[in-house]
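Spelled out, the chains give:
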Amino acid sequence: GLLFQKGTYKEGKKNGEWVFYDPKGIKYKEQQYRNDKPDGKWTEYFPDGSRSSEGSFKDYLKDGKWVYYDKQGNVVYKVIYSGGRKVKEFKPGQN
């Protein structure tokens, strides 16, 4: 059978790095968990394996810089989060 997700559990809850695969077995997401909730680095991928977005969670909320890419690897959008709230946005040419 195909693998849909791979990671470890601690006391019955997702903990540490997890990798997720689509129905064709292609990796589409890697993320860190703590106590079954997102915490740490998060990366999503296009079907060709290139990054589509990356960022991180802190205390289960989006935090810090999140970057979104097109299929050629160009940055199309950046967002700065603090405690899950959008603080600043950057679009191409704005830096």
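Since this is a predicted model, take the numbers as computed values, not measurements.

Asker: With reference to specific residues and values, describe the sheet that holds strand β2 (residues 13–21).
Answerer: Spatially, β1-β2-β3-β4-β5-β6-β7-β8 is the arrangement adopted by the eight strands of the open sheet, whose pairing is antiparallel. One side of each edge strand has no neighbouring strand; the edge strands of this open sheet are β1 (5–10) and β8 (85–90). On average, each strand axis in the sheet is tilted by 10 degrees relative to the strand beside it, whichever way the strands run. Alignment of strand β6 (residues 61–69) against strand β7 (residues 75–82), held across six bridges, turns out to be antiparallel. Directly across from Lys 65, in β7, lies its bridge partner Ile 80.

Asker: Now, about the pattern of salt bridges: what can you tell me, with residues and values included?
Answerer: Pairing is possible between side chains that carry opposite charge, provided their charged atoms lie close to one another. Under the defined criterion, the tally for this structure stands at four salt bridges. Measuring nitrogen to oxygen at the nearest pair gives 3.2 Å for the salt bridge that ties Lys 27 to Glu 30. Relative accessible area serves as the criterion here: at 30%, Lys 27 is assigned to the partly exposed category. Using a relative accessible area of 19% as the deciding quantity, one classes Glu 30 as buried. Across the pair Arg 34 and Asp 59 runs a salt bridge, and its minimum N-O distance is 3.4 Å. Of this pair, Arg 34 sits in strand β3 (residues 27–34) while Asp 59 sits in the loop between β5 (51–58) and β6, placing them 25 residues apart in sequence. Through salt bridges that share partners, Arg 34, Asp 39 and Asp 59 make up one connected network.

Asker: If you had to explain unusual backbone geometry to someone new, which residues and values would you point to?
Answerer: Despite not being glycine, Glu 11 has its phi angle at roughly 55 degrees, a positive value. Along the chain, the position of Glu 11 falls in the loop between β1 and β2. Owing to a relative accessible area of 76%, Glu 11 belongs among the exposed residues under this scheme. Although it is not a glycine, Tyr 60 adopts a positive phi angle of roughly 75 degrees. Among the structural elements, Tyr 60 can be located in the loop between β5 and β6.

Asker: Outline the nonpolar core, supporting the account with residue identities and numerical values.
Answerer: One finds Trp 42, Phe 57, Trp 66, Val 79 and Tyr 81 forming the largest nonpolar core, which totals five residues. If we skip the residues at most four places from it in the chain, Phe 57 touches Pro 38, Asp 39, Gly 40, Trp 42, Lys 62, Asp 63 and Trp 66.

Parameters and conventions
Residues numbered from 1 in each chain as written. Predicted model: local features only at pLDDT ≥ 70, side-chain atom pairs only at ≥ 80, totals over all residues. Heavy atoms only, no water. Pairing = 2+ DSSP bridges. Helix = DSSP H or I, 4+ residues; strand = E, 2+ residues; numbered from the N terminus. Axes fitted to C-alpha atoms, helices over the stretch in contact; angles between N-to-C directions. Salt bridge = Lys/Arg side-chain N within 4 Å of Asp/Glu carboxyl O. Buried < 20%, exposed > 50% of the residue type's maximum accessible area, 1.4 Å probe, protein only. Core = buried A, V, L, I, M, F, W, Y, C linked by side-chain atoms within 4.5 Å. Contact = heavy atoms within 4.5 Å.

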